[in-house]
Amino acid sequence: MTVSSPVLTPLHQPCIAAIDGGGTKTLLAVVGRDGSLGPVLRGAGSNPFDQAGWQQVLQSLLGQLPSTTAALSLGLAGYEETRVLGREQSDVVGNAFAGPFSICSDVEMACTGAFAGEAGVLVLSGTGSVAWATDGRGGQVKIGGWGGLFGDEGSGFWIGRQALALLTALLDGRNQTDQAFFAPFVAAMGLPTEKAACGTALLEWYGTLRHPRASVAALARIVSDLAEDGLEPARRLMREAADHLCAHIEAAQRHFPETSLPWSYAGGTFQSRFLRESIALRYGAPVPPRLPPVGGGLLNAARLAGWDVDDAWIERVSVALRDAGLTS
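Not measured: the values here are computed from a predicted model.

(A) Spatial organisation of the packing of aromatic side chains. Considering all chains together, one arrives at six aromatic pairs under this definition. Taking the centre distance of 4.8 Å and the plane angle of 20° together, the rings of Phe181 and Phe185 count as stacked. When its relative accessible area of 0% is taken as the criterion, Phe181 is described as buried. Judged by relative accessible area, Phe185 falls into the buried class, the value being 0%. In this structure an aromatic cluster arises from ring pairing among Trp263, Tyr265 and Phe270. Of note, Lys195 hangs over the ring of Phe182, and the distance from its end group to the ring centre comes to 5.3 Å. Its end group placed over the ring of Phe157, Arg213 keeps NZ or CZ at 5.6 Å from the ring centre.

(B) Inspection of the pattern of salt bridges at higher detail. If you walk through the whole model with that rule in mind, you get twelve salt bridges. With its nearest N and O atoms 3.0 Å apart, the salt bridge here joins Asp178 to Arg236. With Asp178 in the loop between helix 5 (156–172) and helix 6 (182–189) and Arg236 in helix 9 (residues 232–255), this pair connects stretches of sequence that are 58 residues apart. Of the charged contacts in the structure, one is a salt bridge between Arg273 and Glu277, with a shortest N-O distance of 3.5 Å. You can see Arg273 and its partner Glu277 sitting in helix 10 (residues 273–283), four residues apart, about one turn around the helix. Given the relative accessible area of 39%, Arg273 is considered partly exposed.

(C) Structural view of unusual backbone geometry. Notably, Ala116 is not glycine yet its phi reads approximately 50°, a positive angle. Along the chain, Ala116 falls in the loop between helix 3 (106–115) and strand 7 (120–125). Assessed through its relative accessible area of 9%, Ala116 is described here as buried. Of note, the phi angle at Asp152 is positive, near 65°, even though the residue is not glycine. The residue Asp152 is located in the loop between helix 4 (147–150) and helix 5 in this model. On the accessibility criterion, Asp152 (3% relative accessible area) is buried.

Thresholds applied
Residues numbered from 1 in each chain as written. Predicted model: local features only at pLDDT ≥ 70, side-chain atom pairs only at ≥ 80, totals over all residues. Heavy atoms only, no water. Phe/Tyr/Trp six-rings, centres within 6.5 Å; stacked < 30°, edge-to-face > 60°. Buried < 20%, exposed > 50% of the residue type's maximum accessible area, 1.4 Å probe, protein only. Lys NZ or Arg CZ within 6 Å of the ring centre and 35° of its normal. Salt bridge = Lys/Arg side-chain N within 4 Å of Asp/Glu carboxyl O. Helix = DSSP H or I, 4+ residues; strand = E, 2+ residues; numbered from the N terminus.

Here you go:
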């Protein structure tokens, strides 16, 4: 658990809090009525599909909420993917926090933050991939988010797995055309460049992973870097990922044919400039998120607490989160 302490809102004053719970990290942020930022805490991932200790992660963060917290909003990966898990997540929160709270999926919260309640489609690509769209009038739809077995196309995991598949095809000779990918990719992974030794080391690498899905997803950064360096096989993988994420936007637009949906993004995979620009070739430049995902939770919590939330308040929170390094 790490703690950041920017200019704090006094903890004896009413505050609201939000938790953004993903597969690789969980973030708690506290904000005062005037938009000033209070304690910020980070914990391990809390996606129940990936992390066996997700309950302990949430309980630890919830136990550190200021006593003056007037409302809490959570965006949790995996929320209501199954009714059983949804109830378990609600019970963990309800047993630890006596005040009013709301829970939604992490991507819905990210969409709320990105557009501050206005129409748009938020594409989230991290370990997994999913999109959430709203018409700004109460209509909303989820696209994707089916997990690594059924979907997650265009995600960090998908990119990493495609890169590993390309690597193994190069190792055993099924692929003879993408040799340029081999040496820089295995070097970035820290594997030997001699093919027989590389194959053995690759299997040893995979066999020792504590969190295989997250570790494979982390390889997307290598692929992105190689793509931005001009390596064509890596560029092709990133373009394919962009195509899959564009399909999420297209599906969302079909749900709301009468509404123009600007797009925005969240998730670590979108640190890739190549990926963002590949999607922008089709849909134009993305709308910069007005608030990061945890900011969407803070907006929800402020409304739940009955606070007067206007554009000026949203801007103050946005600046405070940006100054604390909590932007998307």
